[in-house]
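Examination of the molecular architecture
Chain by chain, the residues run as shown.
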Amino acid sequence: MAAANTGRVFQFKLVLLGDSAVGKSSLVLRFVRGQFFEYQESTIGAAFLTQTVALNDTTVKFEIWDTAGQERYHSLAPMYYRGAAAAILVYDMTKKSSFEKLQKWVDELKERGPEGIVLCVAANKCDLEEGREVEVAEGAEFAQKSGADFFETSAKNDENVGRIFTTLVTNVQRKSEAARPAGEARLDAAPPKKTSCCG
Ligand code: GTP
Ligand code: MG
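Owing to the predicted nature of the structure, the values given are computational and were not obtained by experimental measurement. (Residues numbered from 1 in each chain as written. Chains lettered and ligands numbered in written order. Predicted model: local features only at pLDDT ≥ 70, side-chain atom pairs only at ≥ 80, totals over all residues. Heavy atoms only, no water.)

Side note on the coordination of the magnesium ion (ligand 2)
Ligation of the magnesium ion (ligand 2) by protein atoms is provided by Ser25 (OG) and Thr43 (OG1), these donors lying 2.0 to 2.1 Å from the ion. One end of the pair, Ser25, is in helix H1 (residues 24-33); the other, Thr43, is in the loop between H1 and strand S2 (46-55), with 18 residues separating them in the sequence. (Donors = N, O, S within 2.8 Å, 3.2 Å for Na, K, Ca; no water. Helix = DSSP H or I, 4+ residues; strand = E, 2+ residues; numbered from the N terminus.)

In structure tokens form, the structure reads like this:
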């Protein structure tokens, strides 16, 4: 079956959600450009970035909406998670309040998000172990309850960053494979999405 996918481009829209300053933009910049900035500016509205990666025999084009975590932008979020195949829910493991906030995102996505959206939880800033406020077990339990994968990440030290993105691709592909009749090629399961007006 893998051979059937040769030459295919899998467009993969995903969104990052979470409190301000947890490191959403930093994770995206690490993944897309291999960069990290100690003084990363807070996002205004949202940022759109793309990255194309060859995974096995597939070309995956990530279309990433990096949302702004400041409360005043919250009402814009549906524009960015609409049509997303996956979401990365980010908290800062040195800030309990950012962890507690994630439940609201899970609830909102369940209520208003795309059906069957694949979730992943990133406990970011794991390089700051001395400042830890959320235990690994707490994060992992929350993720499990939410039906999400769980990774502790560091955008700064490039820990588990690529892994979150590639795991999401695998999970989305698995899900669409499971949903389609046996024997069909898997990657056209997600319908090609039109680029949005601002993309
Ligand atoms: P908003 O755009 O306001 O929603 O914030 P954000 O979630 O995009 O956070 P951002 O990426 O701007 O990071 C906030 C601060 O945390 C910046 O000063 C980053 O340098 C820092 N930061 C991000 N990731 C890490 C990390 O893994 N480790 C450490 N030590 N600092 C990080
Ligand atoms: Mg940001």
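From this point, the narrative continues.
Things to note about the site of ligand 1
Neighbouring residues of ligand 1: 24 residues in total, closest Ser20, Ser26, Phe37, Glu38 and Ser42. Residue Lys156 places a main-chain N or O atom 3.3 Å away from an oxygen atom belonging to ligand 1. In the complex, 92% of the free accessible area of ligand 1, which totals 660 Å², lies under the protein chains. Top contributing element to the shell around ligand 1 by residue count: H1, with three residues. For the shell around ligand 1, a count of residues per class yields seven nonpolar, 10 polar and seven charged. (Near = heavy atom within 4 Å. Polar contact = N/O pair within 3.5 Å; in protein donor to acceptor, adjacent residues only side chain to side chain. Areas by Shrake-Rupley, 256 points an atom, 1.4 Å probe, with all protein chains shown as cover. Nonpolar A, V, L, I, M, F, W, Y, C, P; charged D, E, K, R; others polar.)

Some thoughts on the sheet that holds strand S6 (residues 149-152)
If you trace the six strands from one edge of the open sheet to the other, you get S2-S3-S1-S4-S5-S6, paired in mixed fashion. Two strands lie at the open edges of the sheet, namely S2 and S6, each paired on one side alone. Going across the sheet, the axis of each strand differs from the next one's by a mean of 25°, ignoring polarity. Bridge count for strand S4 (residues 86-92) against strand S5 (residues 118-124) is seven bridges, and the pairing is parallel. Counted as the bridge partner of Tyr91 is Ala123 from S5. The strands touched by helix H4 (residues 102-112) are strand S1 (9-17), S4 and S5; relative to S4, the strand with the most contacts, the crossing angle is about 165°. (Pairing = 2+ DSSP bridges. Axes fitted to C-alpha atoms, helices over the stretch in contact; angles between N-to-C directions. Contact = heavy atoms within 4.5 Å.)

Structural notes on the packing of aromatic side chains
Under the counting rule described, the total for this entry stands at nine aromatic pairs. Between Phe10 and Phe12, the aromatic rings sit 5.8 Å apart at their centres with planes inclined by 25°, giving stacked as the arrangement. A single burial state applies to Phe10 and to Phe12, both of which are buried. An angle of 75° between the planes, with centres 5.6 Å apart, marks the rings of Phe12 and Phe62 as edge-to-face. On the criterion of sequence distance, the pair formed by Phe12 in strand S1 and Phe62 in strand S3 (residues 58-67) is long-range, its members being 50 residues apart. Each member of the aromatic cluster is reached from another via a ring pair, and the members are Phe10, Phe12, Phe31, Phe62 and Phe165. (Phe/Tyr/Trp six-rings, centres within 6.5 Å; stacked < 30°, edge-to-face > 60°. Buried < 20%, exposed > 50% of the residue type's maximum accessible area, 1.4 Å probe, protein only.)

So far we have only geometry, and geometry alone does not tell us how the molecule works.
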